[in-house]
Amino acid sequence: MPTTDTLVIRNPADGAELARIPVTAASEVAWHTADALEVHRSGVWSSAPPRARAAALLRLADLMQRDAETLARLDSEDAGKPITECRENDVPGAIESIRWFAEALDKQYGRVSTTSSDVLAFTEREPFGVVAAILPWNYPLAMACWKLGPALAVGNALILKPADATPRSTLHLAALAEEAGIPPGVLRVLPGTGAETGAALAADPIVEAISFTGSTTTGRKILTAAAATNLKRVSLELGGKSPQVLMADALAFGDHLIDGLIEAAFLTAGQNCTAGSRILVHESIHDEIVDRLSRAAAELTVGDPSDAATQIGPVIDAVAADRILGAIDTAVADGARIATGGVEVPVVQGGRYIAPTVLTELPANAEVLRTEIFGPVVTVQRFGTRDEAIALANAVDYGLAASVWTKDIDDALAVARGIRAGLVSVGTYSEGDMTVPFGGWRQSGFGGAEKSLQAFAQWSREKAIWVQS
Ligand code: ADP
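Residues numbered from 1 in each chain as written. Predicted model: local features only at pLDDT ≥ 70, side-chain atom pairs only at ≥ 80, totals over all residues.

**Q** Quick rundown of the overall build of the protein? Include the residues and the values.
**A** Counting its regular elements, the protein contains 14 helices and 20 strands. Over its C-alpha trace the protein gives a radius of gyration of 23 Å, about what one expects of a compact globule, namely 23 Å for 469 residues. For the protein, the C-alpha atoms occupy an extent of roughly 70 × 60 × 40 Å along the three principal directions. In the protein, buried positions account for 54% of the 469 residues. (Helix = DSSP H or I, 4+ residues; strand = E, 2+ residues; numbered from the N terminus. Rg over C-alpha atoms; globule rule 2.2 N^0.38 Å. Buried ≥ 20, exposed ≤ 12 C-beta atoms within 10 Å, placed from the backbone.)

**Q** Mind laying out the UniProt feature "active site" (unreviewed entry) in the protein, listing which residues take part and the relevant values?
**A** UniProt annotation of "active site" (unreviewed entry) refers to Glu237 when read in the numbering used here. Take Glu237: it is sitting in strand S9 (residues 233-237). Ignoring sequence-local partners within four residues, the contact set of Glu237 consists of Phe212, Thr213, Cys273, Gly439, Gly440, Gly445 and Glu450. (UniProt positions renumbered as here; feature names shortened; annotations may be inferred. Contact = placed C-beta atoms within 7 Å.)

**Q** Hey, could you go over the site of the ligand for me, with residue numbers and the actual values?
**A** In the vicinity of the ligand lie 17 residues, with Gly194, Gly198, Gly214, Ser215 and Thr218 positioned nearest. Where the shell around the ligand is concerned, the elements lending two or more residues are helix H7 (194-203) and helix H8 (216-228). Tallying contributions element by element places H7 first for the shell around the ligand, with five residues. (Near = placed C-beta within 6 Å.)

**Q** Describe the sheet that holds strand S10 (residues 243-246), with residues and values.
**A** What the seven strands build is an open sheet, ordered S12-S13-S14-S11-S10-S16-S17; its pairing is mixed. Each end of this open sheet is capped by a strand with a single partner; those strands are strand S12 (337-340) and strand S17 (423-426). Sheet twist, expressed as the average angle between the axes of neighbouring strands with direction ignored, equals 25 degrees. Direction of pairing for strand S13 (residues 357-360) relative to strand S14 (residues 377-383): parallel, over a ladder of three bridges. Following the sheet pairing, Thr357 is matched in S14 by Val377. Where helix H11 (residues 318-333) meets the sheet, its contacts fall on S12, S13 and S14, and the angle it forms with S14 comes to roughly 30 degrees. (Pairing = 2+ DSSP bridges. Axes fitted to C-alpha atoms, helices over the stretch in contact; angles between N-to-C directions.)

**Q** Could you give an account of helix H2 (residues 50-66), with specific residues and numbers?
**A** The end-to-end C-alpha separation of H2 is 24 Å, in line with the 24 Å expected for 17 residues at 1.5 Å each. Residues of H2 that are buried: Arg53, Ala54, Ala56, Leu57, Leu60, Ala61, Leu63 and Met64. Each element contacted by the buried residues of H2 is listed here: helix H3 (68-79), helix H4 (83-104), helix H5 (140-153) and helix H6 (168-179). (Expected span 1.5 Å × (residues − 1).)

**Q** I'd like a rundown of the sheet that holds strand S7 (residues 187-189), residues and numbers included.
**A** Within the open sheet, the six strands sit side by side as S7-S6-S5-S8-S9-S19. Their pairing is mixed. The open sheet is flanked by S7 and strand S19 (445-446), the only strands paired with a single partner. Helix H1 (residues 26-42) rests against strand S5 (130-134), strand S6 (157-161) and S7 of the sheet, and its axis sits at about 150 degrees to S6. Contacting S5, strand S8 (209-213), S9 and S19, H8 runs over the sheet at an angle of about 175 degrees to S9.

Next up, the structure:
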């Protein structure tokens, strides 16, 4: 039965309605996966020469470049992200990822095993067939492209389920893919809710691999659905509570340090799985860091995301705003001091804007130190020794990203190696470029890296072939 439900897309900046988009019902999901399987088996994409697939993906990247301003505006409006962030970071990054995967796809080689002279044993990678990705709302286009690039490059038929609030850039991407000559049916975008469309994909028996970026709670549901049905491969990119460790000499980085701390904590209003939301500072520089960080946070421009000067836009919706403000209240009740922020900022009627917030003097058992806030809130804690810093860094269930700020090579390596997380940067806070694998540990996820050559492995499976003569 086709659904009559619709997603009402609203601009988080002011609550204005932007679009109404039909929800893809579970029965329609089943139709699409069956149809996608036929397209895959036809070989129109899966058997196309790798150079032809690469050429189509490069054309897609060119078309995204042509429509870059439209794509930036769609993400800014749907997600409430500052337009400058979309123009300078998200959209160029998304285009770059498609180009990178297109260029890399035919530059990989298989493996031949060492065997006897009458045997040839080798491995090949094959696409799964029909695969799916369930996307978050904080980087709608970029996450679509991190998954689309390698999934299509290796020859799968891909279904994208954008987040409920942010489907429009993904729909535009699908139109560009068609214009680029990617055969019809190879890429489908099925907008809908998580409970209906997302859950149907996670449980679908035809979908053989699913990649998810979002909350740890939803990741568990997807893993459970996959386990209960066809044991599809699951890759999870989940939440985080990422530490930034400032050793005693960190001030030697000058303004770069404060800029890095601010960007790590407050990019996309802190609604970022890699947000560096826990600052751990050597006690000798604690007060100076709190002072400089608070002043820099207070200077950030909170405003309408369509304004190019805005650095902090609204949070995604009222539920998120209430949750974030509630977490700040709980922290204060636990004994925290608000060094700056902690309040809503009246920017535009209908939007919910929260001032960049720095919390200090937290007792070790404060809830805010363990729970992902997903908002513009950063905590500062002191440590005395390197071992204490590592212990604090690891005192959460997550393990996505981290940074270490020191010029001492021994400290840098000891902390980087001591932190249980998938990505640690030193003297900066960065995910690195497309060559760097991205993926969390522990409750931040598993199932293979995104970006880098390793992403191809996430979207394909290895077959060993043994030939005896
Ligand atoms: P948030 O709570 O911020 O919306 P989620 O992790 O729940 O974050 O959402 C990320 C994506 O997961 C969205 O595309 C959403 O529709 C989808 N989703 C939510 N619940 C489910 C579910 N039970 N099964 C599959 N996908 C889901």
